[in-house]
Amino acid sequence: MDFGGLHLDHLQFFEGVLFECLGTETSVRDYFFLSGGCVNQAVQVTCTAGEFFVKWNETTTGEEMFACEARGLNLLHKTGEIGIPEVLGYGKYAQRAYLVLEFLPTVRPRADYWEKLGESLARLHRHTQPQFGLDSDNFIGSLPQNNSELANGIDFFIERRIKAQAGLALYNHAMPHDLYDRLLKFCDRLPELLPSEPPALLHGDLWSGNVLPGPDGYARLIDPAVHYGLREAEIAFTQLFGGFETDFYSAYTENYPLLPGFAQRAELYNLYPLLVHANLFGAGYLAGVERVVKKYVG
């Protein structure tokens, strides 16, 4: 049924989840569908209590995914170092898993937007703990991400990131056996190619699509895959799909300098997001993996 363009099923769902999150009844006045990623639906909801971002899906893992996303956002928010939208609630209503966040209206970024983001990320990366990983697993996109802790960051990157995604690609017949075998040989070389640094608190899925301006004109980070990892992996990821503005990198390195040779190492770290994209979107992303592996092991 349609009420002035508003579908009754949607109205009841939005009002139900907002009641669960806000603790008070509210009437939906309007809603607009937004991009929710490859597995979710998302809307901007305008109601008597204000404007909210509501994301939902009906998959069997949806509730777990949103719980992990909320925990990741809250962990980043608690540091006080970087802009994060407020988590208002998550759960399951009418057989649909949902997440409700503060809505971020479209505003013009301030002139020092990228500079401030670089400074903030540098401060975030100084948050550490004894081990690499996290006390719970989570997701990157719709894929499970194993965060079982290890003392050595390079071992963590190899075992929990590269080998985990490569094994999934092989299992799903997205990666040929030859490339898989050569990738394992390449992993044997990583301890001599990557520097050892302390565990750094990472957003974990930091590309331009997960950075939005907040109401104050400064950046907010969304859709995290939080863990304590090698900070160079995070910076490399920002360069993979178009990259951030130059001011971001200048401000980051001024506040937390990268070790010499990072420019040559970036492609090594980006094997992980390339493998993730191969598993999510198809084997075309393996061309970048093949190029790096061939360079180091033939």
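Residues numbered from 1 in each chain as written. Predicted model: local features only at pLDDT ≥ 70, side-chain atom pairs only at ≥ 80, totals over all residues. Heavy atoms only, no water.

Caption draft 1: Broad picture of unusual backbone geometry. Of note in this structure, Ala94 is not a glycine but carries a positive phi near 55°. Within the element layout of this structure, Ala94 appears in the loop between strand 6 (87-93) and strand 7 (96-102). Among the residues examined, Ala94 registers a relative accessible area of 51% and is labelled exposed. In this structure, His173 takes a positive phi of about 65° despite not being glycine. Here His173 shows up in the loop between helix 4 (153-171) and helix 5 (177-193). (Helix = DSSP H or I, 4+ residues; strand = E, 2+ residues; numbered from the N terminus. Buried < 20%, exposed > 50% of the residue type's maximum accessible area, 1.4 Å probe, protein only.)

Caption draft 2: Summary view of the packing of helix 9 (residues 271-281) against helix 10 (residues 286-297). Where helix 9 contacts helix 10, the axes come no closer than 8 Å and their chain directions differ by 145°. Considering the relative orientation of helix 9 and helix 10, their crossing is left-handed. Residues Leu271, Leu274, Leu275 and Ala278 of helix 9 touch helix 10, and the partners they reach there are Leu286, Gly288, Val289 and Val292. Along the lines of polarity and charge, the residues of the contact of helix 9 with helix 10 split into 7 nonpolar, 1 polar and no charged. (Axes fitted to C-alpha atoms, helices over the stretch in contact; angles between N-to-C directions. Left-handed = near helix turned anticlockwise from the far one by under 90°. Contact = heavy atoms within 4.5 Å. Nonpolar A, V, L, I, M, F, W, Y, C, P; charged D, E, K, R; others polar.)

Caption draft 3: Layout of the pattern of salt bridges. Summed over the entire model, instances satisfying the criterion amount to 15 salt bridges. In this structure, the salt-bridge partner of Arg182 is Asp178, at a minimum N-O distance of 3.0 Å. On the criterion of helical spacing, the pair formed by Arg182 and Asp178 is a turn pair, its members being 4 residues apart in helix 5. Looking at Asp178, the relative accessible area reads 49%, which means it is partly exposed. The shortest N-O distance in the salt bridge between Glu267 and Arg291 comes to 3.1 Å. Residue Glu267 is located in helix 8 (residues 262-269), and its partner Arg291 is located in helix 10; the two are separated by 24 residues in the primary sequence. (Salt bridge = Lys/Arg side-chain N within 4 Å of Asp/Glu carboxyl O.)

Don't take any of this as a statement about function, it's just geometry.
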